[in-house]
Amino acid sequence: MDQERIIEKMMDFGLNKYEAKAYVALIKNPEVTAYELSKDSGVPQAKIYETMSKLLSKNLVNIIGDSPTKYIPVDFDAFLDTYKENVEYSVDYLKKNIKNLSQSQKVSYLWHLEGRDNIFQKIKNMIPKTNSFLYLEAWAEEFDFFADELKEVESKGIEIVSVIYGDTKNDIGIMHFHEMEGIEKQVEEVGRWFTLVVDGAESLFAVFVEKGIDQGIWTENKAFMLMAESFISHDIFIAEIYKMHKLELDKEFGPNMQHIRKYVKTK
């Protein structure tokens, strides 16, 4: 039997080395005085009484007799059971209370994502967590890629509202199609944009490019969430207004409202 290994493992449960050595020696040779135990265990005489006092406080030894005082070990299983109960209680307590504390002092960071795989994986993690509503703005290519996840969410009766650029055969939730002319040219310059808001609790914005590195931002920041929701709402308004009044708008502002858009640089 590896006695040193046993002593090391006992130290994992809150005993110091002297306490572990004294307890092991007492199991091997019970009913001894502190002086005798010091010689058996290798605990210095100057430390043995302090050590036995600590073992008494931990209910690992009992005293028998008083002239001289002798010690016997208490079953270590009982100590382990008590230790386990205390640890489980502490774990449960900390899980509940630290979470509340962290929420009250929460700082919302912006997480930067790079690469299509990383961004897609984050989106795949977000969509199934939806409990109430999901707002989405995407080009058909990305919309179709996540169609299965979106359909699963829709099957639970959850509201999905989307703004779609391009053509898709998938019919999921409430869909608004952005049909303005010449917008593909903007994609060549900046990439295909993608905005996702889940339950007003987390948001992701990404740009997928043909050349270069796809980039995205994920956050629980409320200000960013409001911006993302406003962006989607704005494009819903534009899509529906343009669908109803295309001829008038083209006449007044030019195709794709270019007379207005010329004041906004995309790069």
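Bear in mind the structure is a predicted one, so any value in this text is a computation, not a measurement.

Student: Can you walk me through the environment of Y18 in this structure?
Tutor: Mapped onto the elements of the fold, Y18 is located in helix α2 (residues 17–28). The sequence separation of Y18 and G191 amounts to 173 residues, and the corresponding C-alpha distance is 67 Å. Excluding residues within four positions of it along the chain, Y18 makes contact with V43, P44, K47 and T51.

Student: What am I meant to see in the side chain of T130 here?
Tutor: By the secondary structure assignment, T130 is in the loop between α6 (116–126) and β4 (133–139). Note on T130: relative accessible area 3%, which makes it buried. Here I127 takes part through its backbone oxygen, which lies 2.7 Å from a polar atom of the side chain of T130.

Student: Is there a simple way to think about the pairing of strand β1 (residues 61–64) in this case?
Tutor: Within a regular strand, side chains alternate between the sheet's two faces. Relative to strand β2 (residues 70–73), β1 is paired through four bridges, and the arrangement is antiparallel. Bridge pairing in β2 places V61 opposite P73. Between β1 and β2, which follow one another and run antiparallel, lie five residues, and G65 among them has a positive phi close to 75°.

Student: Looking at this structure, I do not really get α6. What am I missing?
Tutor: For the α-helix, the turn length of 3.6 residues means that residues three or four positions removed from each other point alike. All buried positions along α6 are accounted for by I119, F120, K122, I123 and M126. Taken around the axis of α6, the buried residues stretch over an arc of 160°, which confines them to a single face. In this fold, the buried residues of α6 make contact with β3 (110–114), α7 (140–145), β7 (192–198), β8 (202–208) and β9 (215–219).

Conventions used here
Residues numbered from 1 in each chain as written. Predicted model: local features only at pLDDT ≥ 70, side-chain atom pairs only at ≥ 80, totals over all residues. Heavy atoms only, no water. Helix = DSSP H or I, 4+ residues; strand = E, 2+ residues; numbered from the N terminus. Contact = heavy atoms within 4.5 Å. Buried < 20%, exposed > 50% of the residue type's maximum accessible area, 1.4 Å probe, protein only. Polar contact = N/O pair within 3.5 Å; in protein donor to acceptor, adjacent residues only side chain to side chain. Pairing = 2+ DSSP bridges. Arc of directions from axis to C-beta.

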